[in-house]
Amino acid sequence: GQSMSPPICEGDRLLVVPFPATEVPQLGDVVIAKRAGALVAHRLVAQTRQGLVTRGDARAYNDAPFAREDLLARVVAVEAAATRSGSVRNGLLQ
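Residues numbered from 1 in each chain as written. Predicted model: local features only at pLDDT ≥ 70, side-chain atom pairs only at ≥ 80, totals over all residues. Heavy atoms only, no water.

## Let's talk about the nonpolar core
Here comes step 1: Met4, Ile8, Val30, Ile32, Ala41, Ala73, Val75 and Val78 form the largest nonpolar core, which has eight residues in total.
Here comes step 2: Counting residues per element, the ones that place at least two in this core are β2 (30-35) and β5 (71-79).
Here comes step 3: Counting residues per element, this core draws most heavily on β5, which supplies three residues.
Here comes step 4: Counting residues in hydrophobic clusters, the runner-up holds seven residues, among them Val31, Leu44, Phe66 and Leu71. (Core = buried A, V, L, I, M, F, W, Y, C linked by side-chain atoms within 4.5 Å. Buried < 20%, exposed > 50% of the residue type's maximum accessible area, 1.4 Å probe, protein only. Helix = DSSP H or I, 4+ residues; strand = E, 2+ residues; numbered from the N terminus.)

Set out below in structure tokens:
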């Protein structure tokens, strides 16, 4: 989808590293989370009592909070799809 554009667009390939259960996610990380049976790559914007909160960069609103157990990985690099110019990018817009 386009919820993370322009840094991540449909067709881009993501390089991810798993989140160990003992690691604390950092605000601003682009993470992969299990949401309603699907995998979603969005930026971590808050940690609340209700759970972790993410938002797509192109969205005006936050996603619903989710449990830490549903946090799977951190995105560490993006390879642009063949239809886009560019190559591998890292340091995802911090």
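## Observations concerning the confidence of the model for the protein
Here comes step 1: For the protein, per-residue confidence averages 87 on the pLDDT scale, and 86% of positions sit at 70 or higher.
Here comes step 2: When the elements of the protein are averaged for pLDDT, strand β6 (residues 88-90) gives the smallest value, 52, and strand β4 (residues 51-55) the largest, 96. (pLDDT = per-residue confidence, 0-100.)

## Brief notes about the side chain of aspartate 63
Here comes step 1: Along the chain, aspartate 63 falls in the loop between β4 and β5.
Here comes step 2: Although aspartate 63 is buried, it makes no salt bridge; arginine 35 carries the closest opposite charge, 4.5 Å away.
Here comes step 3: A polar contact of 2.6 Å, which involves the side chain of aspartate 63, links it to the side chain of threonine 54.
Here comes step 4: Every residue in contact with aspartate 63, bar those within four places of it in the chain, is listed here: Arg35, His42, Val53, Thr54, Arg55 and Gly56. (Lys, Arg positive; Asp, Glu negative; His and termini not counted. Salt bridge = Lys/Arg side-chain N within 4 Å of Asp/Glu carboxyl O. Polar contact = N/O pair within 3.5 Å; in protein donor to acceptor, adjacent residues only side chain to side chain. Contact = heavy atoms within 4.5 Å.)

## Comments concerning the environment of alanine 80
Here comes step 1: Following the sequence through the fold, alanine 80 ends up in the loop between β5 and β6.
Here comes step 2: C-alpha separation for the pair alanine 80 and proline 7, spaced 73 residues apart in sequence, amounts to 9.2 Å.

## Re the layout of surface pockets
Here comes step 1: Computed from the structure, the largest pocket encloses a volume of approximately 180 Å³.
Here comes step 2: Around the largest pocket sit Gly1, Gln2, Ser3, Met4, Ile8, Cys9, Glu10, Gly11, Asp12, Leu14, Ala41 and Arg59, which together line it. (1 Å grid on protein atoms, 1.4 Å probe; cavity = no way out; pocket = protein on both sides within 12 Å on 5 of 7 lines; lining within 4 Å. Points joined across faces, edges and corners; volume = space filled by probe spheres on them.)

## Quick word on the pattern of salt bridges
Here comes step 1: Scanning all chains against the criterion turns up four salt bridges.
Here comes step 2: Where aspartate 57 meets arginine 43, a salt bridge forms, and the shortest distance between an N and an O atom there is 2.9 Å. Of this pair, aspartate 57 sits in the loop between β4 and β5 while arginine 43 is found in strand β3 (residues 38-48), placing the two residues 14 residues apart along the sequence.
Here comes step 3: Take aspartate 57: its relative accessible area is 31%, and that puts it in the partly exposed class.

## So, the environment of leucine 52
Here comes step 1: By the secondary structure assignment, leucine 52 is in strand β4.
Here comes step 2: Between the C-alpha atoms of leucine 52 and aspartate 70, which are 18 residues apart in sequence, the distance is 9.4 Å.
Here comes step 3: Beyond its immediate chain neighbours, meaning those up to four positions away, leucine 52 contacts Pro25, Leu44, Ala46, Gln47, Ala64, Pro65, Phe66, Arg68 and Leu71.

## Topic: the environment of leucine 71
Here comes step 1: By the secondary structure assignment, leucine 71 is in strand β5.
Here comes step 2: For the pair leucine 71 and proline 20, spaced 51 residues apart in sequence, the C-alpha to C-alpha distance is 9.5 Å.
Here comes step 3: Not counting residues within four places of it along the chain, the set of residues in contact with leucine 71 comprises Phe19, Pro25, Val31, Ile32, Ala33, Leu52 and Phe66.

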